[in-house]
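So you can see what is in the structure, the chains are spelled out below.
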Amino acid sequence: AATTAGDTIRIRDAATPYDEQAKVTSSAKSGTAANPIIVEPDTGHNPIIRYTGNGAYGAAIWLGDVDYWTIRNLTFDGTGIQTSRFALTIQADTRDVTGNSIIGNTFRNWGGTESNTGNNATVSIDNQPKQTGQFSAKNTIVKGNTFVGNRGAAISLLRTRDTRVENNDISGQKCSSRIGI
């Protein structure tokens, strides 16, 4: 779908949880500081987001090389399934990215398989540098989220600048060798 600065994407309830990867990787689909792109539940709805990527190096929502996206008030629930490694990823692959926000979401029972817990993080903000260099996620906000019963790190930060992580509730984490919050 085409998105432009200032768009709001509202997700409605479905008969079954949404089980797919939504991947945005074009800087042409960025918001601006004054007009971010917002993804949130529609009024009166509480959709369940998941991705049974079977331990895949993927995420239910993957934001790559985009600026000023806000993901808020969604429920990511991996109860009873084998999830992808990440619920939500913000990645700076080919350039610095800035101004993305993760606010007021619930992340429950996420984290891939037991065999790959060393690489799991429910929310991952990092870069996977191509041969062109090192890039950063800048001015990211991770605020007011609830993390319950996830495997691996709740939040993983790698090569970020001016990232604010505040007022998140993290409980019931399961073991992992990954270092993170």
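Residues numbered from 1 in each chain as written. Predicted model: local features only at pLDDT ≥ 70, side-chain atom pairs only at ≥ 80, totals over all residues. Heavy atoms only, no water.

1. A few points about the nonpolar core
Grouped together as the largest cluster of nonpolar side chains are 29 residues, with contacts concentrated most on Leu63, Trp69, Ile71, Phe76, Ile102 and Phe107. Listed by contribution, the elements that provide at least two residues to this core are strand E4 (37-41), strand E6 (59-64), strand E7 (69-72), strand E9 (86-91), strand E13 (121-126) and strand E17 (153-157). Excluding its chain neighbours within four sequence positions, the residues that come into contact with Phe76 are Ile49, Ala60, Ile61, Ile71, Ala87, Asn105, Thr106, Phe107, Arg108 and Trp110. Formed by five residues, the second largest nonpolar core is a distinct cluster that contains Ala59, Trp62, Ala121 and Ala153. (Core = buried A, V, L, I, M, F, W, Y, C linked by side-chain atoms within 4.5 Å. Buried < 20%, exposed > 50% of the residue type's maximum accessible area, 1.4 Å probe, protein only. Helix = DSSP H or I, 4+ residues; strand = E, 2+ residues; numbered from the N terminus. Contact = heavy atoms within 4.5 Å.)

2. Focus on the layout of surface pockets
Computed from the structure, the largest pocket encloses a volume of approximately 400 Å³. Taken together, 19 residues line the largest pocket, and the ones lying closest to its centre are Ile9, Ile11, Ala22, Val39 and Ile61. Every element with two or more residues in the lining of the largest pocket is listed here: strand E1 (8-11), strand E3 (22-24), strand E5 (48-50), E6 and E7. Across the lining of the largest pocket, the residue classes break down as 13 nonpolar, two polar and four charged. (1 Å grid on protein atoms, 1.4 Å probe; cavity = no way out; pocket = protein on both sides within 12 Å on 5 of 7 lines; lining within 4 Å. Points joined across faces, edges and corners; volume = space filled by probe spheres on them. Nonpolar A, V, L, I, M, F, W, Y, C, P; charged D, E, K, R; others polar.)

3. Things to note about the pairing of E9
Of all six residues in E9, six are buried, a share of seventy percent or more. Pairing of E6 with E9, which is carried by five bridges, proceeds in the parallel orientation. Residue pairing across strands places Ile61 opposite Leu88, the latter belonging to E9. Sheet analysis places E9 next to E13, joined by four bridges and oriented parallel. Pairing of Leu88 across the sheet is with Val123, part of E13. (Pairing = 2+ DSSP bridges.)

4. Focus: the pattern of salt bridges
Summed over all chains, the structure comprises eight salt bridges. When the shortest N-O distance is used, the salt bridge between Arg108 and Asp77 registers 2.9 Å. In this pair, Arg108 sits in strand E12 (residues 106-108) while Asp77 sits in strand E8 (residues 75-77), placing the two residues 31 residues apart along the sequence. We note a salt bridge from Asp96 to Arg161, for which the minimum N-O separation is 3.1 Å. Of this pair, Asp96 sits in the loop between E9 and strand E10 (97-98) while Arg161 sits in strand E18 (residues 160-161), placing them 65 residues apart in sequence. (Salt bridge = Lys/Arg side-chain N within 4 Å of Asp/Glu carboxyl O.)

5. Points about the sheet that holds E8
Spatial strand order, E2-E5-E8-E12-E16-E20: six strands in an open sheet with parallel pairing. Edge positions in the sheet fall to strand E2 (18-19) and strand E20 (169-171), since each of these pairs with one other strand and no more. When strand E16 (residues 146-148) meets E20, the two strands line up parallel, connected through three bridges. The partner of Thr146 across the bridge, within E20, is Asp169.

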